[in-house]
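A closer look at the structure
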Amino acid sequence: MFDIHSVRKDFPVLDEVIYLDNGATTQTPVPAVNAMNDYFLKYAANHGRGAHRLARQTTDNYEDSRDRIAEFLNTAPESTILTKNATESINMVALGLQWEAGDHVVTTLVEHHSNLLPWMRLREMGVEVTIVGTYNEGCVDPKEVDAAITDRTKLVSVNHVSNVFGSIRDVGKITKIAQKSGAMVLVDGSQSAGHMTVDVKKIGCDFFATPGHKGMLGPQGTGILCIKDPDVLEPTYVGGGTVHAVTTESYELEPSPSKFEAGTPNIPGVIGLGRAVEYVQEIGVEDIEKHEKELSSYAAKRLAEIEGVEVYGPEDRAGVVPFNVEGMNPHDVAMILDETRKICVRSGYHCAMPSVDMLGVEGTVRASFALYNTEEEVESLVEGVEQITMLA
């Protein structure tokens, strides 16, 4: 197991607050920030657009990050598209596949809006969308997904881990079920990549989308879309950087990944993400997963022992613990924790209103964990919630 106290030195803000909002974004370690600073201060230039030394160094470091990310997720660099977030990645699939009226999409009730709205919008084109229900607060039975698939199902799109409940999907099994019926599969790995071992080839999915700013510890404005077969997808945008040849009559696109990456990318962000991924690899994803699961299980157990507190989600959870204090608005709970103990938690619907609505509540308080959180911070959270229950 890694030395958590040494790790925490790479995240200076942890000296000021107890940060338990990692499901929204994690903190970025000093080595990744330094890598971005080096770009701005030592060799800043554009990517792939020059023969001079700064342009070459920029392009080399950018592509080195792509290689590192592809290795981390076990996919090919040419299939690793760098985007600005998971939302863009998922929308690129929704907009890039060739849809026909009568095509069918299967998704679930516990999806983030970013993995729900793009499919719902396809209804305007005559695409049918089935939203599979859940059981046991956020769990999805692969058999229910199987039952929803028809001979017109073109895509099954599910998250790997629910950002509301922390429930973990058997995405490998779901992928096999869907592909056996001829459907493609998209996995939203926003809450899994970096938090647990992700092997895109082993999962077997056609598309894997994830942001860089969550478990992978990168900066905001970075994301990844892994595509098994780039030929099945049309680019959402075209322009600079995507073309091999252009005349006034036609154009010829570059092969993947270039054809999907129009315009100047977030160069410092991708370079920082590459260093952040290296940082995660140095610590070890398996150890990170074990640590986060132990913290979330402990937090769920301790919070559930408090009278007047309801904890949601399955026993087998990732690093996400949603709860409510009886008689208190979740936003008020979050504000009190911040003001009295400098504890940062998320409150509300977590960009997943259908998921929360099925609980019959108007939002939850969500504590979500990362590699740098400690059992002492969980105890502080529990003590803070205990004090709040006395106010309710």
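Above this text is the structure in question.
What counts and what doesn't
- Residues numbered from 1 in each chain as written.
- Predicted model: local features only at pLDDT ≥ 70, side-chain atom pairs only at ≥ 80, totals over all residues.
- Heavy atoms only, no water.
- Pairing = 2+ DSSP bridges.
- Helix = DSSP H or I, 4+ residues; strand = E, 2+ residues; numbered from the N terminus.
- Axes fitted to C-alpha atoms, helices over the stretch in contact; angles between N-to-C directions.
- Contact = heavy atoms within 4.5 Å.
- Buried < 20%, exposed > 50% of the residue type's maximum accessible area, 1.4 Å probe, protein only.
- Polar contact = N/O pair within 3.5 Å; in protein donor to acceptor, adjacent residues only side chain to side chain.
- Core = buried A, V, L, I, M, F, W, Y, C linked by side-chain atoms within 4.5 Å.

What about the sheet that holds strand β2 (residues 80-83)?
In space, the 7 strands of this open sheet follow the order β2-β8-β7-β6-β5-β3-β4, with mixed pairing throughout. Each edge of the open sheet carries a strand with a single partner, namely β2 and β4 (128-132). Ignoring strand direction, the axes of neighbouring strands in this sheet form an average angle of 15 degrees. Together, β2, β6 (184-188), β7 (207-211) and β8 (223-227) form the strand contacts of helix α4 (residues 86-96), whose direction differs from that of β7 by roughly 155 degrees.

Quick notes on α4
A turn of α-helix holds 3.6 residues, and therefore any two residues three or four places apart point the same way. Of all 11 residues in α4, 9 are buried, a share of seventy percent or more. Among the residues of α4, Ala86, Glu88, Ser89, Ile90, Asn91, Met92, Val93, Ala94 and Gly96 are the ones counted as buried. Considering only its buried residues, α4 is in contact with β2, α5 (117-121), β6, β7 and β8. Taking the backbone nitrogen of Thr87 as reference, a side-chain oxygen 3.2 Å away marks Asn85 as the first, capping residue of α4.

Observations concerning the nonpolar core
Burial of nonpolar side chains together is a common tendency in soluble globular proteins. Counting residues in hydrophobic clusters, the biggest one holds 60 residues, and the most contacted among them are Leu73, Val156, Phe208 and Leu371. Residue contributions to this core peak at 9 residues, all from helix α9 (residues 267-283). For Leu371, the contacting residues outside a window of four places in its chain are Phe2, Ile4, Val7, Leu217, Tyr279, Ile283, Ile288, His291 and Glu292. Grouped together as the second largest cluster of nonpolar side chains are 26 residues, Val365, Ala367, Val378 and Val385 included.

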